[in-house]
Amino acid sequence: MEVSEIYWEIVSHTANILEICILGCFFYRFVKPFMPKKRNTKSVAVVYIIVMLILYMFPQDTWGGSITAAIGSIAVFTVMCFIDKRNIEQKIFLASIFYLLDWLAWGVVVALWNFSYDITDMIPAVRESYQIQFESYVIRQICWLIIESLTMEAIIRLLHKAYVYKSENMTKKELVLMMAPTLSLISGRLLFRYFVNVYEMDLKQYVWNNHHSYNLVLFLHQIISFAALFTVIIIYRNIKESQRNEIEEKVLARQIEDMKSHISEVEKLYRDIRGMKHDMANHVMVLERLYGDNADTGEYVAQLKEQMYDTVLYVEAKSGNPITDVILMEKSEEAQEWGITFDYDFHYPENKGLNAFDVSVILNNALSNAIEAARESEEPYVKLSSYRKNNAYMIEIRNSMTGTRTVDEESGFPVTTKLDGMHGFGLSNIRKVAQKYYGDIHIEQDGKEFVLTVMLILGEFR
């Protein structure tokens, strides 16, 4: 073998190894937003690269490397399941998608590669010089890696943007629905590569050398395949969005109904307590008259009056609305039970077009989240305040916390670690209520304190 031929082999193998490493990094880049344990996700790239490098040492399969790529995707799927055993259906879908992404990017680049080869082969200086041919080959290999990387980055960005609900569980029915068109694209890859490879083995020539239209057909096929894949993910997003909106509306409606029922019961209880207070006051007056100036009896009656007033009055929050009063009283008691300091300076804006039950949904969800987070801190506290800012009514809840919660890129909400199906809609329902009043929410956290600000536009300005 001539020295120049060795150089060709070195460049070819180097480019292939670099391509495997690049694809491994993109596999990690693709699955990272879907994995809750970000630190261990890098093992996806490591395993993919190791498996593909081992397989690279063996002869290419009849399907043009499609089987080899499938083994690499299966290996990564296994690693993802080892890192996180939840949502297996989604991991199957992700591994299948990346198996197609590898092929889609390859198809786009190889079409450009073949086109560039036809162009350079037409130049007399290139055909006559073996050295220039080698240099041209090196340049095209470098361009191959660059263009493939840019293509993969663009495709992954689009898919990440389309696949909105990354933390949502995929059901088995949804997986079957999504995999039906995906498997069609996978079979298309296998057949496409099989016929091209068989053509090469039978005629000892590349199909694109004898049929120049192959490049255009391949390029168009890859574009159509990506459009089909993108459409599948859009359909899935719409399904999850419809499901989530339906659940959010049910949760919100149930919260309001539960709040109405609870407030009604509490108000009845308070009416009974106030009636009891009135009767007890009369009884105390009678006792005072009966026992006259008896010192011991007078002291006992005084203590009885003090305890009676303390028992009745401490539950009256005086926020300006009986509904929000109940929320504040109950959350104050809950915080006290957990040893959490609860301070509030909250005033309900009367006659400003706000529904008290909507405000109660905000307070109940926000304070429940705040108390839950504060429980884990060393010096737990929750602070609630409300104020006017121009035409907006602002509600601010601050609470102590330990560590920083991971924020979902799409929703902007902290990612919940709870597994129950109804958890995780608190902030979403708060935003839904805020948007009902043409407002929104804002979240800040620094590892020690979590701040939720809710803005509502008052009725006089809407």
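Just so you know, these numbers come straight off a predicted model, no measurement behind them. (Residues numbered from 1 in each chain as written. Predicted model: local features only at pLDDT ≥ 70, side-chain atom pairs only at ≥ 80, totals over all residues. Heavy atoms only, no water.)

1. Re the packing of aromatic side chains
The description of an aromatic ring pair rests on the distance of the ring centres and on the angle between the ring planes.
Piece 1. All told, the structure shown has 15 aromatic pairs when counted by the stated rule.
Piece 2. Relative to Phe34, the ring of Phe30 lies with its centre 6.0 Å away and its plane at 55°, an arrangement referred to as tilted.
Piece 3. Looking at Phe30, the relative accessible area reads 2%, which means it is buried.
Piece 4. Judged by centre distance (5.3 Å) and plane angle (40°), the rings of Phe342 and Tyr344 are tilted.
Piece 5. Phe342 gets classed as buried once you look at its relative accessible area, which sits at 12%. (Phe/Tyr/Trp six-rings, centres within 6.5 Å; stacked < 30°, edge-to-face > 60°. Buried < 20%, exposed > 50% of the residue type's maximum accessible area, 1.4 Å probe, protein only.)

2. As for the environment of Val51
Piece 1. By the element assignment, Val51 lies in helix α2 (residues 42-56).
Piece 2. Residues Val51 and Ile71, 20 residues apart in the sequence, show an inter-C-alpha distance of 8.1 Å. (Helix = DSSP H or I, 4+ residues; strand = E, 2+ residues; numbered from the N terminus.)

3. Here we look at the packing of α2 against helix α3 (residues 66-83)
Piece 1. Where α2 meets α3, the closest approach of the two axes is 9 Å, and the angle between their N-to-C directions is 150°. Regarding the angle of α2 to α3, the classification is roughly antiparallel. Along this stretch, α2 crosses α3, giving a crossing that reads as right-handed. Of the residues in α3, those in contact with Ser43, Val44, Val47, Tyr48, Val51, Met52 and Leu55 of α2 are Thr68, Ala69, Ile71, Gly72, Ser73, Ala75, Val76, Val79, Met80 and Ile83.
Piece 2. A breakdown of the residues in the contact of α2 with α3 according to their chemical character gives 13 nonpolar, four polar and no charged. (Axes fitted to C-alpha atoms, helices over the stretch in contact; angles between N-to-C directions. Parallel < 35°, antiparallel > 145°, perpendicular 65-115°, else oblique. Left-handed = near helix turned anticlockwise from the far one by under 90°. Contact = heavy atoms within 4.5 Å. Nonpolar A, V, L, I, M, F, W, Y, C, P; charged D, E, K, R; others polar.)

4. Side note on the confidence of the model for the chain
Piece 1. Residues at a pLDDT of 70 or more form 79% of the chain, whose mean pLDDT is 81.
Piece 2. Mean pLDDT values over the elements of the chain span from 59, in helix α10 (residues 295-313), up to 95, in strand β3 (residues 392-400).
Piece 3. Low confidence marks residues 419-423, where pLDDT is under 50. Its contacts with residues over four positions away, or in another chain, come to seven contacts. (pLDDT = per-residue confidence, 0-100.)

5. Notes on a nonpolar patch on the surface
Piece 1. A cluster of nonpolar side chains, namely Val46, Ile50, Ile54, Met57 and Phe58, defines an oily patch on the protein surface of about 540 Å² accessible area.
Piece 2. Note on placement: Ile54 falls in helix α2. (Patch = residues over 30% accessible without salt bridge, like charges linked within 9 Å, V, L, I, M, F, W, Y side chains within 5 Å. Areas by Shrake-Rupley, 256 points an atom, 1.4 Å probe, with all protein chains shown as cover. Salt bridge = Lys/Arg side-chain N within 4 Å of Asp/Glu carboxyl O.)

6. A closer look at the environment of Glu174
Piece 1. With respect to the helices and strands, Glu174 occurs in helix α7 (residues 172-203).
Piece 2. Discounting residues that sit within four places of it in the chain, Glu174 has contacts with Asn169, Tyr236, Ile239, Lys240 and Gln243.
Piece 3. From its side chain, Glu174 meets the backbone nitrogen of Thr171 in a polar contact 3.0 Å long.
Piece 4. Among the polar contacts listed, one links the side chain of Glu174 to the side chain of Gln243, at a separation of 3.1 Å. (Polar contact = N/O pair within 3.5 Å; in protein donor to acceptor, adjacent residues only side chain to side chain.)

7. A short note on the pairing of β3
Piece 1. Among the nine residues of β3, eight are classified as buried, and the element is accordingly described as predominantly covered.
Piece 2. With eight bridges joining them, strand β2 (residues 381-389) and β3 adopt antiparallel strand pairing. Counted as the bridge partner of Lys383 is Arg398 from β3.
Piece 3. Once β2 ends, the chain turns through two residues before running back antiparallel as β3, passing Asn390 with a positive phi of about 55°.
Piece 4. Pairing of β3 with strand β5 (residues 449-457), which is carried by nine bridges, proceeds in the antiparallel orientation. Opposite Glu396, over in β5, you have Thr453 as the bridge partner. (Pairing = 2+ DSSP bridges.)

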